[in-house]
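Residue-level structure breakdown
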Amino acid sequence: MSTELLFRDDAYRSTASARVVAVHDRGIELDATIFYPQGGGQVGDTGVLLRENGERIDIADTRKGDAPDSILHVPAAATRQPDVGETLSLEIDWARRHKLMRLHTALHVMSCVVVAPVTGGNIAPDKARLDFDIDMSLLDAERIERETNALIARAVPTETVWITDEELDARPELVKTMSVQPPRGSGRVRLLRIAGIDLQPCGGTHVVNIGEIGAIRVLKIRSEGRRNRRVEIALADS
Ligand SMILES: [Zn+2]
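Residues numbered from 1 in each chain as written. Predicted model: local features only at pLDDT ≥ 70, side-chain atom pairs only at ≥ 80, totals over all residues. Heavy atoms only, no water.

1. Details of helix 3 (residues 141-152)
End to end, helix 3 covers 16 Å across twelve residues, agreeing with the expected 16 Å (1.5 Å per residue, within 8%). With a side-chain oxygen positioned 3.1 Å from the backbone nitrogen of E142, the residue opening helix 3 is D140. (Helix = DSSP H or I, 4+ residues; strand = E, 2+ residues; numbered from the N terminus. Expected span 1.5 Å × (residues − 1). Polar contact = N/O pair within 3.5 Å; in protein donor to acceptor, adjacent residues only side chain to side chain.)

Here's what the structure looks like:
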């Protein structure tokens, strides 16, 4: 059973209603959701599912299910399960998600300041990182912070564009992330475009204008193995 992915068209939607289609040991499946499942380095959303009788089902994590576009809402321990067919009101922890969106979009911008293959990445609410295959001597925290913030200050809108698998195959330079290839097979691939700055495949949640990031600070740069240099950032205001 696939879930309608409401966050894909509107990352700013923080409430919705949906029907329960299955309840598994691993989590609750709905016919539609605003909860982003862990993926592309971004952690899964948390929040609450409200039953019509007012009962709260706290959601501690969101994961992908086995089927394509199936999403599992993982209840907190000792929470009651809903019934199949029941309609629930969905609310994500918006303050947490908005930080994830700002940090995620900041990584897109930073990946244009550090020009090197990306070997990994992670986005949590308090900090985010990218790993690069690059020589340590080429990484200067002060320069990365200054140049990333200068790009953010341009306040350029972000936009989602879709291309076919064939178009992506013809433009391999779009794929910066060696460890995470964009999903194939559905015939089309979602890209995030930041005009004049970045264009790359991404299924994550982003802010509509990079100005909304505010500014970032580089927390640290360290070596994580022979080919991995990790650059960790946080939002300047958190
Ligand atoms: Zn992205």
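2. A word on the pattern of salt bridges
One pass over the full model with this rule turns up 18 salt bridges. Between R51 and E86 there is a salt bridge; the shortest N-O distance is 2.7 Å. Placement of R51 in the loop between strand 5 (47-50) and strand 6 (56-64) and of E86 in the loop between strand 7 (71-75) and strand 8 (87-92) is noted, with a sequence separation of 35 residues between them. For the pair R51 and E86, one class covers both residues: buried. Ionic pairing is found between R146 and E142, a salt bridge with its closest N-O pair at 2.7 Å. Here E142 and R146 lie together in helix 3, a separation of four residues that amounts to about one turn. R146 gets classed as partly exposed once you look at its relative accessible area, which sits at 45%. (Salt bridge = Lys/Arg side-chain N within 4 Å of Asp/Glu carboxyl O. Buried < 20%, exposed > 50% of the residue type's maximum accessible area, 1.4 Å probe, protein only.)

3. Quick look at the side chain of E29
Take E29: it is sitting in strand 3 (residues 28-30). The buried charged residue E29 lacks any salt bridge, with R26 as its nearest oppositely charged partner at 8.3 Å. Here the side chain of E29 touches H24 through a polar contact of 2.6 Å, side chain to side chain. (Lys, Arg positive; Asp, Glu negative; His and termini not counted.)

4. A short note on the nonpolar core
The biggest cluster of nonpolar side chains holds 33 residues, and the ones touching the most others in it are M110, F132, I213 and I233. For this core, the elements supplying multiple residues, two or more each, are helix 2 (94-110), strand 9 (118-123), strand 10 (128-132), helix 3, strand 12 (188-194), strand 14 (216-223) and strand 15 (229-235). Counting residues per element, this core draws most heavily on helix 2, at seven residues. Apart from residues no more than four positions distant in its own chain, I213 is found in contact with R102, T105, A106, V109, I152, V207 and L235. (Core = buried A, V, L, I, M, F, W, Y, C linked by side-chain atoms within 4.5 Å. Contact = heavy atoms within 4.5 Å.)

5. Regarding the coordination of the zinc ion
Listed as protein donors to the zinc ion are H104 (NE2), H108 (NE2), C202 (SG) and H206 (NE2); their distances from the metal cover 2.0 to 2.1 Å. Around the zinc ion, the four donor atoms sit at angles spanning 101 to 123°, and that spread fits a shape best called tetrahedral. Site description for the zinc ion: donor spacing in sequence, H-x3-H-x93-C-x3-H. Residue H104 is located in helix 2, and its partner C202 is located in the loop between strand 13 (198-201) and strand 14; the two are separated by 98 residues in the primary sequence. For the pair shown, H104 and C202 are each scored as buried. (Donors = N, O, S within 2.8 Å, 3.2 Å for Na, K, Ca; no water. Tetrahedral: all angles 85-135°; square planar, octahedral: opposite > 155°, others 65-115°.)

6. Details of the sheet that holds strand 13
Spatially, 11-12-13 is the arrangement adopted by the three strands of the open sheet, whose pairing is antiparallel. Only two strands of the sheet have a single neighbouring strand rather than two, namely strand 11 (158-164) and strand 13. Neighbour to neighbour, the strand axes of the sheet diverge by 25° on average, direction disregarded. Bridge analysis of strand 12 against strand 13 gives four bridges, and the strand direction is antiparallel. (Pairing = 2+ DSSP bridges. Axes fitted to C-alpha atoms, helices over the stretch in contact; angles between N-to-C directions.)

7. A few points about the packing of helix 2 against helix 3
Packing of helix 2 against helix 3 leaves a shortest axis separation of 9 Å and a crossing angle of 110°. Comparing the axis directions of helix 2 and helix 3 gives the class roughly perpendicular. Note on element contacts: helix 3 touches helix 2 through I144, T148, L151 and I152, opposite A106, V109 and M110. (Parallel < 35°, antiparallel > 145°, perpendicular 65-115°, else oblique.)

8. Details of the environment of T160
You can see T160 is positioned in strand 11. Judged by its relative accessible area of 38%, T160 falls in the partly exposed class. The spacing of T160 and H206 is 46 residues in sequence and 9.4 Å in space, taken between C-alpha atoms. Filtering out sequence-adjacent residues up to four positions away, T160 remains in contact with R190 and L191.

9. Considerations on the state of the cysteines
Inspection of every chain in the model, using the stated rule, returns zero disulfides. Here C112 is not cross-linked by a disulfide; its sulfur's nearest cysteine counterpart is in C202, at 12 Å. Taking the relative accessible area as the measure of exposure, C112 reaches 22% and is therefore partly exposed. (Disulfide = S-S within 2.5 Å.)

10. Focus on the side chain of R51
Given the relative accessible area of 8%, R51 is considered buried. A distance of 2.7 Å separates polar atoms of two side chains, one belonging to R51 and the other to E86. Not counting chain neighbours up to four residues away, the residues in contact with R51 comprise I57, R80, Q81, P82, D83, E86 and L88.

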